[in-house]
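Remarks on the overall topology
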Amino acid sequence: MATAAAEKLAKPETADLAALAMRLGDDALVLGQRYSEWVGHAPALELEMAVSNLALDLIGEAQLWLDLAARLEGRGRDADKLAYLRDVLDFTNLLIVEQPNHDWAYTVLRHYLYSVYHRLLVEGLARAPEPAFAEIAAKVLPEVRYHVKFAHSWVLRLGDGTEESHRRLQAALDRLWRFTGEMFVDDELTTRLEAAGFAPLASGLKAAWEEEVGATFKEAGVTPPQPKQMITGGRIGHHGEHLGHLLAELQFLQRAYPGLEW
Amino acid sequence: MAAATGTGTGGKAAAAAGDAAARVRAVLETVMDPEIPVVSIVDLGMLRRVEQGADGVIEVVLSPTYTGCPATDVIRRLVEEALDEAGIRPVRVRYELSPPWSTDWISEEGRRKLAEYGIAPPALKERADAPVACPRCGSEQTELVSAFGSTPCKALRRCLSCLEPFEHFKCH
């Protein structure tokens, strides 16, 4: 009886679950859109196929999370409306995923840094007490694991490649490092979800992430820059200038021709 | 007597539902994957079950393969069209995520057809690290060219014996 009461108290608020699904969907959508930008520009044909597949996986994942977010919020929106008709300030993605692609080293390193976090997060959610979350997490997990494998092999290849590839990988790490802290920032939402026994704290993923990426850096022969102020704010809608440009392209068709289907 | 009649009718209804499921299944065996037109969606293990919805409509429950596979929506339409063509209507096609589809669900028949078509079939998950044999010459001396191929389900490999490039249905 006491247990049942405690469980009832601990049940997470629907609005919190919707917000979490939105975060997951926004990360996947924005990064998927970034990969779409590589199509036609990747360094080799095989990499064109790789980035377009990464984009497909992520946009497919975004659709699942945003559909869930839309169902939970119950405001008559759907995944398409959430993707195409929200303004910049309503997006809750991490800043790391909205950064422009720069070169290939930056792209694959970003994919590695994000994918290890992404995998840890969905591994945790696959055990979530809420079936809707657990089934989406279990569904995307094999793909996310594959992403980590792919990105990991590229980090090693560039780090251990030529002088130029090594230099570019190190430069990418220097640029990206300050966006990694945001993945592990706890806020009111993650704190409430953790208290409800729903999901681990964001900070709870940090040690495993650091251990895994640290081992890879060592093998690739690169070092993160000295710790400095991490840049955060994406989760509460404080974005850089880049997201607006990305959304302008992503949302153009629905904004110009509302309700258009094709 | 009434009870016996009731049972009899129930038995008939169950048999009819079973017949409908068998007919649906037979039709779905002719619905090919749009990207790999030699394997049917049944071969791929996408058909989860056929059931009767609360409203009496026949429901076809499918497993989506890869999350972002653009064929998912096409397949839904192909299934609806094929069943309509066969006079089976009304039907509802529904995707169910859990448990997640795995390449382990691809039938023996499906694996054989993939290999004949030139696509190395996926190993069972427990043997995921087994060498990938060339579907043309059978050599196990092959190398990975790209982790991703022309569709999300495939990787690109090359045979070091006959030198032919080929696709590999990734173990998933």
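An account of the accompanying structure is given in this report. (Residues numbered from 1 in each chain as written. Chains lettered and ligands numbered in written order. Predicted model: local features only at pLDDT ≥ 70, side-chain atom pairs only at ≥ 80, totals over all residues. Heavy atoms only, no water.)

1. A short note on helix 8 (residues 163–176) of chain A
Residues and elements named next belong to chain A. Which entries qualify depends on this criterion: Working definition: helices are DSSP H or I runs of at least four residues, strands are E runs of at least two. Numbering for both runs from the N terminus. One fewer than the residue count of a helix, multiplied by 1.5 Å, yields its expected span. Residue exposure (1.4 Å probe, protein chains only): buried if accessible area is under 20% of the type maximum, exposed if over 50%, otherwise partly exposed. The arc in question is traced by the directions running from the helix axis to the C-beta atoms. Any two residues whose heavy atoms approach within 4.5 Å at even a single point are treated as in contact.
Across its 14 residues, helix 8 extends 20 Å between first and last C-alpha, which sits within 8% of the 20 Å expected from 1.5 Å per residue. Among the residues of helix 8, those classed as buried are Ser 165, Leu 169, Gln 170, Ala 172, Leu 173 and Leu 176. Projected down its long axis, helix 8 carries its buried residues within an arc of 155 degrees, all on one side. If you follow the buried residues of helix 8, they end up packed against helix 5 (95–98), helix 6 (104–125), helix 7 (131–159) and helix 10 (206–220).

2. As for the packing of helix 2 (residues 14–36) of chain A against helix 6 of chain A
Residue and element names in this part refer to chain A. As a reminder of what qualifies: Here the axes come from fitting lines to C-alpha atoms, over the contacting stretch only for helices, and the angles between their N-to-C directions go from 0 to 180 degrees. Angles are sorted into four bins: roughly parallel if under 35 degrees, roughly antiparallel if over 145, roughly perpendicular if 65 to 115, and oblique for all others. Working rule for handedness: look at the near helix, and if it is turned counterclockwise from the far one by less than a right angle, call the crossing left-handed; if clockwise, right-handed.
As a packed pair, helix 2 and helix 6 sit with axes 13 Å apart at the nearest point and diverge in direction by 155 degrees. With respect to each other, helix 2 and helix 6 are oriented roughly antiparallel. In this structure, helix 2 meets helix 6 at a crossing whose hand is left-handed. Here helix 2 contributes Leu 20, Leu 24, Asp 27, Ala 28, Leu 31, Arg 34 and Tyr 35 to the contact with helix 6, which in turn contributes Thr 107, Arg 110, His 111, Tyr 114, Tyr 117, Leu 121 and Leu 125.

3. Quick word on the pattern of salt bridges
Where charged atoms from two side chains of opposite charge come close, those side chains can pair. To keep it simple, the criterion reads: Each salt bridge in this description consists of a side-chain nitrogen of Lys or Arg and a carboxyl oxygen of Asp or Glu lying within 4 Å of one another.
Inspection of every chain in the model, using the stated rule, returns 32 salt bridges over all chains. Residue Asp187(A) is joined to Arg23(A) by a salt bridge in which the shortest nitrogen-to-oxygen separation is 2.6 Å. Note that Asp187(A) is positioned in the loop between helix 8 and helix 9 (188–195) and Arg23(A) in helix 2, a separation of 164 residues in sequence. For Asp187(A), a relative accessible area of 22% gives the class partly exposed. Residue Glu109(B) pairs with Lys113(B) through a salt bridge whose shortest N-O separation is 3.8 Å. Taken together, the residues span about one helical turn, with Glu109(B) and Lys113(B) both in helix 3 (residues 108–117) at a distance of 4 residues. Take Glu109(B): its relative accessible area is 37%, and that puts it in the partly exposed class. By sharing partners, the salt bridges in this structure join Arg48(B), Arg49(B), Glu51(B), Asp55(B), Glu59(B), Arg92(B), Arg94(B) and Glu96(B) into a single network.

4. Some details on the environment of Val145(B)
In this structure, Val145(B) sits in strand 5 (residues 142–146). Accessibility expressed as a relative area gives 27% for Val145(B), which makes it partly exposed. Linking Val145(B) and Glu164(B), residues 19 residues apart in sequence, is a C-alpha distance of 12 Å. The contact partners of Val145(B), leaving out residues within four places of it in the chain, are Glu46(A), Leu156(B), Arg157(B) and Arg158(B).

5. Notes on the interface of chain B and chain A
Quick reminder of the rule: What counts as buried area is the accessible surface, traced by a 1.4 Å probe, that two parts surrender upon association, with contributions from both included. Any pair of nitrogen or oxygen atoms within 3.5 Å is treated as a polar contact; in protein, a donor-acceptor pairing is required on top of that, and neighbouring residues in sequence qualify only through side-chain atoms on both sides.
At the junction of the two partners, chain B supplies 22 residues and chain A supplies 20 residues. Of the roughly 1800 Å² buried between chain B and chain A on both sides combined, carbon and sulfur atoms contribute 68%. For chain B, the biggest contributors to the area lost against chain A are Thr67(B), Leu97(B) and Phe148(B); these three give 42% of the whole. If you look at where chain B meets chain A, you find 0 salt bridges. In this structure, the connection of chain B to chain A is made through 5 residue pairs in polar contact (both at pLDDT 80 or more). At the level of secondary structure, the elements contributing two or more residues to the side of chain B that touches chain A comprise strand 5 and strand 6 (154–159) of chain B.

6. Observations concerning the pairing of strand 1 (residues 47–52) of chain B
Residue and element names in this part refer to chain B. Selection rule: By the convention used here, strands pair only if DSSP detects at least 2 bridges between them.
Both strand 1 and strand 2 (residues 58–62) contribute to a ladder of 5 bridges, which runs antiparallel. For Glu 51, the partnering residue across the bridge sits in strand 2 and is Glu 59. Between the end of strand 1 and the start of strand 2, which pair antiparallel, lie 5 residues, with Gly 56 showing a positive phi angle near 85 degrees.

7. Overview of helix 10 of chain A
All names here are of chain A. With 15 residues, helix 10 should cover 21 Å at 1.5 Å per step; its first-to-last C-alpha distance of 21 Å lies within 8% of that length. Buried within helix 10 are the following residues: Trp 209, Val 213, Thr 216, Phe 217 and Ala 220. Burial along helix 10 is one-sided: seen end-on, the buried residues are contained in an arc of 100 degrees. Relative to its buried face, helix 10 has exposed residues pointing more than 90 degrees away, namely Ala 207, Glu 211, Lys 218 and Glu 219. Within two residues after helix 10, Gly 221 carries a phi angle of roughly 75 degrees, on the positive side.

8. Digging into the sheet that holds strand 3 (residues 91–95) of chain B
Residues and elements named next belong to chain B. Taken together, 3 strands build an open sheet; the order of strands is 1-2-3 and the sheet is mixed. Edge positions in the open sheet fall to strand 1 and strand 3, since each of these has one partner strand only. Averaged over neighbouring strand pairs, the angle between their axes works out to 20 degrees when direction is ignored. Packed onto the sheet, helix 2 (residues 71–85) meets strand 2 and strand 3 and runs at close to 160 degrees relative to strand 3.

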